[in-house]
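# Breakdown of the fold
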Amino acid sequence: MRRFNLIVLATAAAAFNVAAAQPVQQTTNDWRDAFRQLEDEDWPSPNRERRATGAPGPDYWQQQVDYDIDIRLDEEEKHLYGTETVTYTNNAPDTLDFLWFLLDQNRFRDDSIAVMTETVGGGGRSSSRTGGADPEGVSASSVRRRQRIAQDSYGFNITGVTDADGNPMDFTIVDTLMRIDLDDMLETGESATFTIEWDYRLIETGAIGGRAGWECFEETTDTGGDCIYQIAQWFPRAAVFSDYEGWHNKAFLGRGEFGLEFGDYDVSITVPQDFIVAATGELQNAGEVLNQVQRDRLEEARTADEPVFIVTPSEARANERRGTRSEATWEFHAHNVRDFAWAGSRKFIWDALGVEQDGQGEAPDLIMAMSFYPNESEPLWSTFSTRAVEHTLDVYSGFSFPYPYPTAQSIAGPQGGMEYPMITFNGGTYGRPVVDDDGNLTYSLTAKRGLIGVIIHEIGHIYFPMTVNSDERQWTWMDEGLNSFLQFQAERLWEEDFPVRRGDPHSITSYMVSTNQMPIMTQSDSIVQFGPNAYSKPTIALVILRETILGRELFDDAFRTYAERWRFRRPTPYDFFRTMEEVSGVDLDWFWRGWFYSTDHVDISLDRVIEGSFDTENPEIENARERAEEAERPESLTQVSNREAGIATYAERNPEVVEFYSQNDRHTITNRQRETYEALQEGLEEWEAEILESDERIYYLDFTNEGGVVMPIILEFTFADGSTEIVRIPAEVWRYDPQHVTWTYMTDREVVQVELDPLWETADADRTDNYYPPRIEPTRLEVYRSSSDNDTMMDDMDLRVTRDSVRTRPQ
């Protein structure tokens, strides 16, 4: 096969990036295979519990824990008193002689690990103080919190643990955990039943923080003040016992949330008689706690086209002013849930809407979407809350599975955003309008976006991790990241240009180039920059995986398979990774490694572009081309200046010296060139001749992986005729060298510009090196007037001096 010479027509500006043009100097010790497999390196080996496909294995198991709970709220003392009967079923192949339970309220004890290990600037909080520097100040709220924790007695008071016959059982409390010793070994398939009695003081959420508690409002001419109670982590809950870790008995430090077992709940909640109560599960005694009007409205809401008030704003306002010393007990049942939470207040407005779905298996055909909120949250909550719940159910079910429970509830109150089965806390300042001095109400775009966003996010958590039961304490991203990804999808489907908080790839670049980072696969309590790490980065990774790498069809099929495989089961990251690869048919180890196991970032630079065309060796063509190229070069400046000065050359003054070479340049066609070309043509195959005569150009593009994460190379070519073309080069282009690569592009059109990542879809952190030719970067300059502060202490004290005296006198 004959090889043709390549004519270089244009090269990069060498001054722009000289280093890029140099040969890559690389030793074998520097090279790392970005595409090496994670199996048996970072991932555990598959087994009969968890398969290499990412699916549960034939011997997969998990525990079952059922609860029968009676709880009473002492409103005056802000205290809970409870009794729970637990039935623990051991489905593990192990024999158990003790059980671990979570006592998360102990986090607020003044001697807890969480309190005793608090640091300045820790936990992802920003702080200007570095080690060894003098503190500049302390917030009043942090002082109040420390004082309240030291003065008030928070945490569980366990008053007794007894077996089914009423005999006391030994138990040991270790920080936020309690070990209950069993009298008899609990064999596989056996159950143990016992009762725990406890009480604890509720925290004021605004003062202490946390995920639950109470908030009281100031009394006004319209309302009686009163409080809202959001109750969570309120009873001793069985810790997880799993196939991959055994007992999950890591103390609760406040960050890593909760791993729990599924079970059935029967809960009786005793509160003041005029309270409205929302809870996990379905209300069992509506005839005892709701009046006939409320029950009729609730029935109407099941088939309504828009939310129906069960308790109207005026009724809630009147209820606040009444008050009572009587009590009522609300009874709820929840089937196959991993937790239980509730909220109560006489302030609650209550609206509801029946949402239909195509239920499958045990999933219901009708879901009651409901919201509970005070008048202080109006009008935003009645406008958006239940509608946002409805929208979330539609979007999330489309990506995963039908919503599995009969209710989905959004509750306003002190907690800004927290999720539990069938109920979410979406309060804090979300959705509260601003009231001016004249009593006029307004709300900002931020308030609207915040309310809709937090409701989508928290209701979405009922899918992940309340149904797909990942280990929140170990791998926060598995619930926060996956859920934030679906939140982004739901927000983009709410309305055009909805102001999303996270999801578009370009929004993560500043975090990915920051120095204070940890890999996504970091245990929750050790993460700094928690929001970007556990929420934003995995969200954007999945957006890129869906939109850029796999495409929507492959991604959606794989993601839905993962969700369906692991609903009501406990997946690990490796089950997710393997499922996405197995179902999509795409090897993604390079992607998981770069995005989830490293702190590298995406930054690909387009260093150089070379345009080449084929040398036809036809002197009629090539000599003319060379002459034209030479004519485009600047003429000698000295020669131009001489001509402009009227200085004649020697040959112009003495024409007798002008001869053949003076009249014919070096590009004149010679007989030998013609004969050589004719001989070449006689020896060519037909297809070789066609190549020589074609107008094809070959472009050589040099790239450098500056950030470390290998990614697809996406290019937009702009041609001389004004047309454009986007070309997507798979990430495997980096497989031989993850740092430098040269790629070729062939076209019959002249390229005038190349842009890397033109749609901003890969989170490329530095776009200044994404263009060829390089472009001038625009910026806006603020014009300011320099000033100096001439105020003095004398001026502040209203004192003056005269120029002939230093004595001061009051003015």
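Presented here is a report on the structure given in the accompanying data block. (Residues numbered from 1 in each chain as written. Predicted model: local features only at pLDDT ≥ 70, side-chain atom pairs only at ≥ 80, totals over all residues. Heavy atoms only, no water.)

This brings us to the pairing of strand β7 (residues 177-186). Across six bridges, the pairing between strand β4 (residues 96-102) and β7 is antiparallel. The residue bridging Phe101 from the neighbouring strand is Met178, located in β7. Relative to β7, strand β6 (residues 171-174) runs antiparallel, the two being bridged by four bridges. By the bridge assignment, Val174 is partnered in β7 with Leu177. (Pairing = 2+ DSSP bridges. Helix = DSSP H or I, 4+ residues; strand = E, 2+ residues; numbered from the N terminus.)

A word on the packing of aromatic side chains. We describe a pair of aromatic rings using the distance from one ring centre to the other and the angle between the two ring planes. Applying the stated criterion to the full structure yields 56 aromatic pairs. Each ring, one from Trp475 and one from Tyr574, has its centre 6.1 Å from the other, and the planes form 85°; the classification is edge-to-face. Of this pair, Trp475 sits in the loop between α8 (445-460) and α9 (477-492) while Tyr574 is found in helix α13 (residues 573-584), placing the two residues 99 residues apart along the sequence. The pair Trp475 / Tyr574 is uniform in exposure class, with both members buried. Here the aromatic rings of Phe717 and Tyr745 are separated by 3.9 Å at their centres, their planes lie at 10°, and the arrangement is stacked. Of this pair, Phe717 sits in strand β29 (residues 713-719) while Tyr745 sits in strand β31 (residues 740-747); the two residues are 28 residues apart in sequence, bridging distant segments of the chain. (Phe/Tyr/Trp six-rings, centres within 6.5 Å; stacked < 30°, edge-to-face > 60°. Buried < 20%, exposed > 50% of the residue type's maximum accessible area, 1.4 Å probe, protein only.)

Quick look at the state of the cysteines now. In the structure shown here, the tally under the stated rule is one disulfide. Each sulfur in the disulfide pair Cys216 and Cys227 lies 1.8 Å from the other. Between Cys216 and Cys227 the disulfide shows an S-S torsion of about 90°. By sign, it is right-handed. Of this pair, Cys216 sits in strand β9 (residues 213-216) while Cys227 sits in strand β10 (residues 227-231), and the two are eleven residues apart along the sequence. Cys216 sits in the partly exposed class, given a relative accessible area of 37%. (Disulfide = S-S within 2.5 Å.)

Before going further, it helps to examine empty space enclosed by the protein. In this structure the tally under the stated criterion is three cavities of 30 Å³ or more. Its boundaries defined by the atoms lining it, the largest cavity holds a volume of some 60 Å³. What lines the largest cavity is simply Asp104, Gln105, Arg107, Phe108, Ile203, Arg211, Ala212, Gln233 and Phe252. Within the lining of the largest cavity, the residues separate by chemical class into four nonpolar, two polar and three charged. For the second largest cavity, the calculated volume is near 40 Å³. Lining the second largest cavity, in full, are Val602, Ile604, Pro712, Ile713, Ile714, Leu756, Asp757, Thr762 and Asp764. A breakdown of the residues in the lining of the second largest cavity according to their chemical character gives six nonpolar, one polar and two charged. (1 Å grid on protein atoms, 1.4 Å probe; cavity = no way out; pocket = protein on both sides within 12 Å on 5 of 7 lines; lining within 4 Å. Points joined across faces, edges and corners; volume = space filled by probe spheres on them. Nonpolar A, V, L, I, M, F, W, Y, C, P; charged D, E, K, R; others polar.)

Take a negative patch on the surface next. Taken together, the side chains of Asp68, Asp70, Asp266, Glu288 and Glu331 present a region of like negative charge at the surface. Tracing the backbone shows Asp266 in strand β14 (residues 263-272). Residue Asp266 is classed as partly exposed on the basis of its relative accessible area, which comes to 35%. (Patch = residues over 30% accessible without salt bridge, like charges linked within 9 Å, V, L, I, M, F, W, Y side chains within 5 Å. Areas by Shrake-Rupley, 256 points an atom, 1.4 Å probe, with all protein chains shown as cover. Salt bridge = Lys/Arg side-chain N within 4 Å of Asp/Glu carboxyl O. Lys, Arg positive; Asp, Glu negative; His and termini not counted. Charge placed at Lys NZ, Arg CZ, Asp CG, Glu CD.)

What follows is about the packing of helix α7 (residues 380-399) against α9. Direction vectors running N to C along α7 and α9 enclose 120°, while the axes themselves pass 10 Å from each other. Taken as axis vectors, α7 and α9 run oblique relative to one another. The element α7 and its partner α9 pack so that their crossing is right-handed. Residue-level inspection shows His391, Val395, Tyr396 and Phe399 of α7 in contact with α9, the latter providing Asn483, Leu486, Gln487, Gln489 and Ala490. Split by residue class, the contact of α7 with α9 holds five nonpolar, four polar and no charged. (Axes fitted to C-alpha atoms, helices over the stretch in contact; angles between N-to-C directions. Parallel < 35°, antiparallel > 145°, perpendicular 65-115°, else oblique. Left-handed = near helix turned anticlockwise from the far one by under 90°. Contact = heavy atoms within 4.5 Å.)

The next thing to look at is the pattern of salt bridges. Following the criterion strictly, the structure yields 47 salt bridges and no others. As a salt-bridge pair, Arg201 and Asp152 come within 3.6 Å of each other at their nearest N and O atoms. With a gap of 49 residues between them, Arg201 in strand β8 (residues 191-201) and Asp152 in the loop between α2 (140-151) and β5 (157-163) connect regions that are remote in the sequence. Across the pair Arg608 and Asp702 runs a salt bridge, and its minimum N-O distance is 3.0 Å.

On to the sheet that holds strand β30 (residues 724-729). One open sheet accounts for four strands, arranged β30-β29-β32-β33; its pairing is antiparallel. Strands with a single pairing partner mark the edges of an open sheet, and in this sheet they are β30 and β33 (771-772). Of the strand pairs in this sheet, strand β32 (residues 751-756) and β33 are connected by two bridges, and their pairing is antiparallel. When the sheet's bridge partners are listed, Glu755 is paired in β33 with Tyr771.

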